[in-house]
Amino acid sequence: MTTPIYDTVLHGGTLLDGSATPGYQADIGIQAGRIAAIAPAGSLHGQQQRDASGWIISPGFIDVHAHDDQQAVSAPSMQAKLTQGVTTVVVGNCGISLVPWVADRTPPAPLNLIGSQADYCYPTVAAYAAAVDAAGPSVNIGLLVGHSTLRVNVLDDPAQAASAAQVEQMQALLEEGMQSGALGFSSGLFYPTSKIAGNDEVIALAKVAARHGGVYTSHIRDEYAGVIDSIHEACDAGEAAGLQVVLSHHKCAGPANWGRSNESLACVTERRRRHPVGLDAYPYTAGSTTLNPDYVDGKIKVLVSWSEPHPEHNGRDLAEVAAEWGVDQKEAARRLSPAGGIYFQMHEDDVRRILAYPHTMIGSDGLPRDAHPHPRLWGAFPRVLGHYCREEKLFHLPEAIRRMTTLSADTFGLRRRGRLQVGCAADLVVFSPAHIRDTATFADPKQPAQGIHQVWVNGVLSVVDGVLTGQRGGRMLRRQQERFDEGQP
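In this text the structure is predicted, and so the values were computed from the model without any measurement.

Enquirer: I'd like to hear about empty space enclosed by the protein, residue by residue, with values.
Expert: Scanning the entire structure with this criterion turns up 2 cavities of 30 Å³ or more. In terms of residue count, the dominant contributor to the lining of the largest cavity is strand 15 (residues 287-290) (3 residues). Residues of the lining of the largest cavity, tallied by class, amount to 11 nonpolar, 7 polar and 3 charged. Space inside the second largest cavity adds up to approximately 80 Å³.

Now the structure itself:
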């Protein structure tokens, strides 16, 4: 009998397969971008042989909450994601997607977080997917179609209510998106572009995604005092439409709301008894979005992440800028706008409690266009593994990997990702559990992780010891092509 010779074999690594079970030593054989074999250490042979003994091998991390829509086309090396072990990103979150809209005006906030007017040039998801594939990004791209983008496409003023005819127009745009492979539908009812929309409008759109087996992700209407009502609103929409709900970057924001994560998670648990509900979170006490005077209360620290009229203040404390100008912080925010802000709005106890919740996936919520971004863009995943897993012992390592891989893949219908299994994509991270850590900080945010030895994307070796190889193996993920049945080649 002829011994198979694989394209590449990783020898003797300790495999954490994404199931939260203990690791085991084995060889992995890679053929044509897929995992072709998993066998006892030392038993497989390949044209390339790579010694992985002493390292952990896990599925590539899936960033379920990303805003890399435009980066996938214009800056496809995507260094910030690749160097922290992320091999797949889900873009189009918070109701903000680059598609479908050919912009006839300057994108309103928050659409300006991910692109300029020139960037909004894709009339359909099919057109965007073709552009991604032509760019050849270093990581895989899964897309959600954003509610705010649909509203901006159809309404001259998205702050106005949509008519029945306009909702039908949005449904038609979303239908094309789902047929072209989008993973689902996202909303951001917190933002002015969709705040006026009632849950009836959301449900009408979510039903389109549901017909195609998609998910509904929600940046809920209120993460402050109204967090419980807003969780129920999102869950009601998903239940009425008949599809999985994901609560985006779950938090209890603002000092008056600190400590309520016990209540919010109990609410999620209660709703899960009736309908599938999950959530994602990032491992920091600060969030980041547009710098809006309405979000500035003078009680929490705010950093300027970017400013169009005053870029000299990027990275500075808003209170310091306000003091120099002799104005209050709300006025300083007005003068800096259009701008972005980093808001220290969460309590560490709530962050820990939410991360520890068994149905929490990890998402960076990074904003790659920010001049001085939140460090989560570069550090979210290694921070979970280094700080919260190894140092704080919030969960054991196999469980931490599950939250970054299998849980995420199953939630978003990416059955060929997120697991070490024959037939699945060879998206792999080889790392040291003793050394992996984030180095990105609020003062110096653009810093790659440490402790990651190799990153493979669809069988392409893309990172070695923190350095990009220049080989890019990512592609657009279309929902229909990611389904996986046991025994399917």
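Enquirer: So, the packing of aromatic side chains: which residues are in play, and what are the values?
Expert: In total, this model carries 10 aromatic pairs according to the counting rule given. Geometrically, the ring pair formed by F61 and F381 is stacked, given 5.9 Å between the ring centres and 5° between the ring planes. Here the residue F61 occupies a position in strand 6 (residues 61-63), and F381 occupies one in helix 12 (residues 376-391), the gap between them amounting to 320 residues. Across the pair, F381 and F61 agree in class, each one buried. Arranged with centres 6.3 Å apart and planes meeting at 85°, the rings of Y284 and F442 form a pair that is edge-to-face.

Enquirer: Explain the sheet that holds strand 6 to me, and be specific about the residues and the numbers.
Expert: Here 8 strands make up an open sheet; going across it, the order is 6-7-10-11-12-13-14-18 and the pairing parallel. Strand pairing shows two members of the sheet lacking a second neighbour, strand 6 and strand 18 (360-362), which therefore form its edges. On average, each strand axis in the sheet is tilted by 30° relative to the strand beside it, whichever way the strands run. Pairing of strand 10 (residues 140-146) with strand 11 (residues 184-188) involves 3 bridges; the strand directions are parallel. Within strand 11, the position partnered with G146 by the bridge is S186. Against the sheet, helix 3 (residues 125-135) touches strand 7 (86-91) and strand 10, its axis set at about 160° to strand 10. The strands touched by helix 6 (residues 199-211) within the sheet are strand 11 and strand 12 (215-219), with strand 11 carrying the most contacts at an inclination of about 155°.

Parameters at a glance
Residues numbered from 1 in each chain as written. Predicted model: local features only at pLDDT ≥ 70, side-chain atom pairs only at ≥ 80, totals over all residues. Heavy atoms only, no water. 1 Å grid on protein atoms, 1.4 Å probe; cavity = no way out; pocket = protein on both sides within 12 Å on 5 of 7 lines; lining within 4 Å. Points joined across faces, edges and corners; volume = space filled by probe spheres on them. Helix = DSSP H or I, 4+ residues; strand = E, 2+ residues; numbered from the N terminus. Nonpolar A, V, L, I, M, F, W, Y, C, P; charged D, E, K, R; others polar. Phe/Tyr/Trp six-rings, centres within 6.5 Å; stacked < 30°, edge-to-face > 60°. Buried < 20%, exposed > 50% of the residue type's maximum accessible area, 1.4 Å probe, protein only. Pairing = 2+ DSSP bridges. Axes fitted to C-alpha atoms, helices over the stretch in contact; angles between N-to-C directions. Contact = heavy atoms within 4.5 Å.

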